[in-house]
Amino acid sequence: MADYLAPALDGADIVDTVHANGLELAYEQFGHDDDPALVLIMGLGTQLTGWPDAFCRALADTGLRVIRFDNRDIGLSTKIRDTRRYDSARRAFFKSLLGREINAAYSLEDMAEDTVGLLDALEIERAHLVGASMGGMIAQIVAATRPERVATLTSIMSTSGARKLPRGRLKVLMRLGKAPKSRDKDVIAAHLAKTMTLISSPKMGRSFDDWEAEIRRTVERSYYPAGTARQTLAVLSASPRDDLLGAVRCPALVIHGSADPLLPVKHGRATANALPNVRYEEIPGMGHDLPPRLLPRFVDWISDLVHEAERAE
């Protein structure tokens, strides 16, 4: 278990950028080119480092080519810079409550095409997709709209976006809307660490000090809150995917925590219910994070799903 806490165990085998869907996407690879490709898609405002190195290495050690990348507008990938005015995250949230159209810079569908562009650039005909939170939404769209490119789908702490699903706790939503009081890296790290302790697993998640140390490293790599704001608009403006998920035919795995305060557990259940060929794993006490002690279990579930699908082909 301690290995899963290591911030940089072995590092990636390849660190590079590729031109994809008109953007430059930063990516890292663990494992060998001739192994089945597993692409990890991270969530809102989170860099590729949100997938722990040791988790990626453990998946690669099962015989997979593991690829993690920075979504557009985050990390070391292309930042969407233009002079047009878009809704603020606060305005977009209230528009979403009223069912009004949100003025967003881009959509989750655009981000799904980024993922397909990454596959094209790396000459991967078909991949296994794993998405966390917003990344799960993106993976769902790719699996539903580009089925020939997706061998399996794993959706972690995500949602189908179906109407009438419960919203996250008000305290959490209000916290997400707050910005750090300054651009000092220590202030930013402390602010974001407090946010993560609020949404993460209450009994099995990282401590404040662990979050602060990890976030300080990511801030050193990149800090771009404007990108997070634009990604937020993409999420808030997204259409429900429950009908779309009914068209997904590849094997799927849905993982969700019973204690998730941002996307309550009914979101995970709804996602699983919408998928025709799915295994659902609901984890007592898990919040909106990837608790280190659970990662060995995730490795087993994901690798079993992928290798069973590979054997079936």
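Computed from a prediction, not measured in an experiment: that's the story for all the values here.

Attention now goes to helix H11 (residues 295-312). Over its 18 residues, H11 extends 26 Å from the first C-alpha to the last, a length consistent with the 26 Å expected when each residue adds 1.5 Å. Here H11 has its buried residues at Leu295, Phe298, Val299, Trp301, Ile302, Ser303, Leu305, Val306 and Ala309. For H11, the elements touching its buried residues are strand S3 (37-41), helix H1 (53-60), strand S5 (127-132), strand S6 (150-156), strand S7 (252-257) and strand S8 (278-283).

Our next topic: the environment of Glu113. Structurally, the position occupied by Glu113 is in helix H3 (residues 108-121). For Glu113, a relative accessible area of 30% puts it in the partly exposed group. Counting along the chain gives 63 residues from Glu113 to Leu176, while the straight-line C-alpha distance between them is 27 Å. Residues contacting Glu113, with those up to four places away along its chain left out, are Asn21 and Arg146. A polar side-chain atom of Glu113 sits 3.2 Å from a polar atom in the side chain of Arg146.

Let's shift gears to the packing of aromatic side chains. All chains considered together, the criterion is met by two aromatic pairs. Centre to centre, the rings of Trp51 and Phe55 are 6.0 Å apart; their planes meet at 15°, and the pair counts as stacked. Pair check on accessibility: Trp51 and Phe55 agree, each one buried. Ring centres of Phe298 and Trp301 lie 6.0 Å apart, and the angle between their planes is 25°; this geometry places the pair in the stacked category. Linking Phe298 with Trp301, this pair stays in helix H11, spanning three residues, or about one helical turn. Residue Phe298 is classed as buried on the basis of its relative accessible area, which comes to 0%. The ring of Trp211 carries Arg206 above its face, with NZ or CZ at 4.7 Å from the centroid.

What follows deals with the side chain of Ser201. Structurally, Ser201 can be placed in the loop between helix H6 (185-199) and helix H7 (208-221). Reaching out from Ser201, the side chain makes a polar contact with the backbone nitrogen of Gly287 at a distance of 2.8 Å. Excluding residues that lie within four positions of it along the chain, Ser201 makes contacts with Gly285, Met286, Gly287, Asp289 and Pro291.

Definitions and limits used
- Residues numbered from 1 in each chain as written.
- Predicted model: local features only at pLDDT ≥ 70, side-chain atom pairs only at ≥ 80, totals over all residues.
- Heavy atoms only, no water.
- Helix = DSSP H or I, 4+ residues; strand = E, 2+ residues; numbered from the N terminus.
- Expected span 1.5 Å × (residues − 1).
- Buried < 20%, exposed > 50% of the residue type's maximum accessible area, 1.4 Å probe, protein only.
- Contact = heavy atoms within 4.5 Å.
- Polar contact = N/O pair within 3.5 Å; in protein donor to acceptor, adjacent residues only side chain to side chain.
- Phe/Tyr/Trp six-rings, centres within 6.5 Å; stacked < 30°, edge-to-face > 60°.
- Lys NZ or Arg CZ within 6 Å of the ring centre and 35° of its normal.

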